[in-house]
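Chain and residue survey
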Amino acid sequence: MTSVRVVQPATTTVGGVPILRLVPADDVAAVGPWTYVDWFGPAVLQQPARRQANTQSLTWLFSGHLRHTDSTGSDTTYGPGQAVVVTAGAGVEVAQASVGGEPVTGVALRLAAPGASDLTPSVEEFWPEPVRVGDHEVAIIVGEFGFEDSPVATHTPALACEVRFASDDPLVVPVEDGWEYVVIAEGAALRVGDVEVPAGRAAIVTGEFAVGAAADAGHVVRALLLGGAALAAPSRSSGTEPG
């Protein structure tokens, strides 16, 4: 049986930047292993170094560019279509800032990483090469989608991908048994089954489902799809908040 629920995000601030907290929200503590999903921007981000531990994190940008620095010595600039995945291990200090005062829009994600405290902190950069699925493109950030996968290592089974709709044909999502999913609408509304998801909002989904958009070759609509197996209750708030 399929369940689709549009969540009411909480409004908060991280590093002085207003955000919409899509997860956790309402009575939802996490979706699968995804413990935080924060929508931010457009805003100029000047985030001082903050400690992360026992988790993995990434920021996926829809517009603008960020400079990422951290206590492992990593110093890189990235923009839309590029993933910078931080495995915090026992602890790492991470700072991010808009490049040249440019506003950015994106989603900050936090992924539970059981056992990560034993790992050496690391940073992995990756440009997902979009794959064609029907009329659409899918950029697989972590995990597998159909027969394609990402080289990024995670410490719990998970999926994160950006879908770029180029027609109104629905995309059937290859779901895994027992997984939970969240579908995030970026610049335009989406349809998840018969449920509309407004731009900048998220729907939590269980069971088989398809996602559609009012798109065509001249009007590409983007969505972010996350998923994974539900965590045991004591682990659902793993890590510290993004920022």
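A brief look at the structure comes next. (Residues numbered from 1 in each chain as written. Predicted model: local features only at pLDDT ≥ 70, side-chain atom pairs only at ≥ 80, totals over all residues. Heavy atoms only, no water.)

1. Points about the nonpolar core
Threshold: Side-chain atoms within 4.5 Å link the members of a nonpolar core, which is a set of buried Ala, Val, Leu, Ile, Met, Phe, Trp, Tyr and Cys residues. Burial classes follow relative accessibility: with a 1.4 Å probe on protein chains only, a residue under 20% of its type's maximum area counts as buried, one over 50% as exposed, and anything between as partly exposed. The contact rule is simple, with two residues in contact once any of their heavy atoms fall within 4.5 Å.
With 29 residues, the main nonpolar core has W34, V37, I184 and L226 as its most contacted residues. Dropping the residues within four chain positions of it, W34 is found in contact with V23, L109, R110, L111, V142, A158, L159, A160, L226 and G227. One finds F145, W179, Y181 and A223 within the second-largest nonpolar core, a separate group that totals 26 residues.

2. A closer look at a negative patch on the surface
Applied cut-off: Residues enter patches when their relative accessible area tops 30% and they take part in no salt bridge; the joining distance is 9 Å for like charges and 5 Å for the nonpolar side chains Val, Leu, Ile, Met, Phe, Trp and Tyr. For every accessible area listed, the method is Shrake-Rupley and the probe measures 1.4 Å; residues are considered covered only by the protein chains on display. Note on definitions: salt bridges are taken to be side-chain nitrogens of Lys or Arg within 4 Å of carboxyl oxygens of Asp or Glu. The sign given to each residue is positive for Lys and Arg and negative for Asp and Glu; His and the chain ends receive no count. For the purpose of locating charges, the reference atoms are NZ of Lys, CZ of Arg, CG of Asp and CD of Glu. Secondary structure elements follow DSSP: runs of H or I no shorter than four residues count as helices, runs of E no shorter than two count as strands, and numbering proceeds from the N terminus.
Together, E144, E148, D149, E176, D177 and E208 line one region of the surface with negative charge. Turning to its location among the elements, D149 is positioned in strand β16 (residues 148–149).

3. What about the pattern of salt bridges?
Under the definition given, this model contains eight salt bridges. The salt bridge involving E137 is made with R164; its shortest N-O contact spans 3.8 Å. Highlighted residues: E137 in strand β14 (residues 136–142) and R164 in strand β17 (residues 158–165), separated in sequence by 27 residues.

4. Considering the sheet that holds strand β8 (residues 75–78)
Whether parallel or antiparallel, the strands of a sheet pair through hydrogen bonds between backbone atoms. As a reminder, the rule being used: In this description, strands pair whenever DSSP reports at least two bridges between them. Here, axes are lines fitted to C-alpha atoms. For helices the fit covers the stretch in contact, and angles between N-to-C directions go from 0 to 180 degrees.
Spatial ordering of the open sheet is given by β5-β10-β7-β8, a layout of four strands whose pairing is antiparallel. Taken across any chain shown, the strands that pair with only one partner, and hence form the sheet edges, are β5 (46–52) and β8. Within this sheet the neighbouring strands show an average axis-to-axis angle of 20°, counted without direction. Pairing geometry for strand β7 (residues 66–70) and strand β10 (residues 92–98), over five bridges, is antiparallel. Paired with R67 across the two strands is A97, which belongs to β10.

5. Side note on empty space enclosed by the protein
Note the following rule: Of the two site types, the cavity is a set of points on a 1 Å grid over the protein atoms alone where a 1.4 Å probe fits but cannot get out, and the pocket is an open set with protein on both sides within 12 Å along at least five of seven lines, each lined by residues with an atom within 4 Å of a point. Grid points are joined across faces, edges and corners, and a volume is the space filled by probe spheres set on the points.
Overall, the coordinates contain three cavities of 30 Å³ or more when judged by the stated rule. Lining the second largest cavity, in full, are W34, Q56, S57, L58, V85, L111, V142 and T154. Per-element tally for the lining of the second largest cavity: the top contributor is strand β6 (residues 55–63), with three residues.

6. A closer look at the sheet that holds β6
Reading across from one edge, β2-β3-β4-β11-β6-β9-β12 is the order of the seven strands in this open sheet, with antiparallel pairing throughout. Of all the strands in the sheet, the pair left with one neighbour each is β2 (10–14) and β12 (122–126). Taken over all neighbouring pairs, the strand axes of this sheet differ in orientation by 25° on average, direction set aside. Bridge count for strand β4 (residues 34–43) against strand β11 (residues 104–112) is seven bridges, and the pairing is antiparallel. Following the sheet pairing, A43 is matched in β11 by V104.

7. Focus: the packing of aromatic side chains
What counts, and what does not: Centres within 6.5 Å are what make two rings of Phe, Tyr or Trp a pair, Trp counting through its six-membered ring; a difference in plane orientation under 30 degrees is then read as stacked, over 60 as edge-to-face, and the rest as tilted.
This structure, assessed with the given rule, holds three aromatic pairs. Judged by centre distance (6.0 Å) and plane angle (40°), the rings of W179 and Y181 are tilted. Of the residues examined, W179 reaches a relative accessible area of 16% and is grouped as buried. Under the relative-accessibility criterion, Y181 is labelled buried at 1%. One aromatic cluster is present, formed by W179, Y181 and F209 through successive ring pairs.

8. Quick word on unusual backbone geometry
Along the chain, V23 connects to P24 via a cis peptide bond; the corresponding omega equals -5°. Relative to the assigned elements, P24 resides in the loop between β3 (17–23) and β4. One non-glycine residue, D26, lies in the positive phi region at around 50°. As for its placement among the helices and strands, D26 is situated in the loop between β3 and β4.

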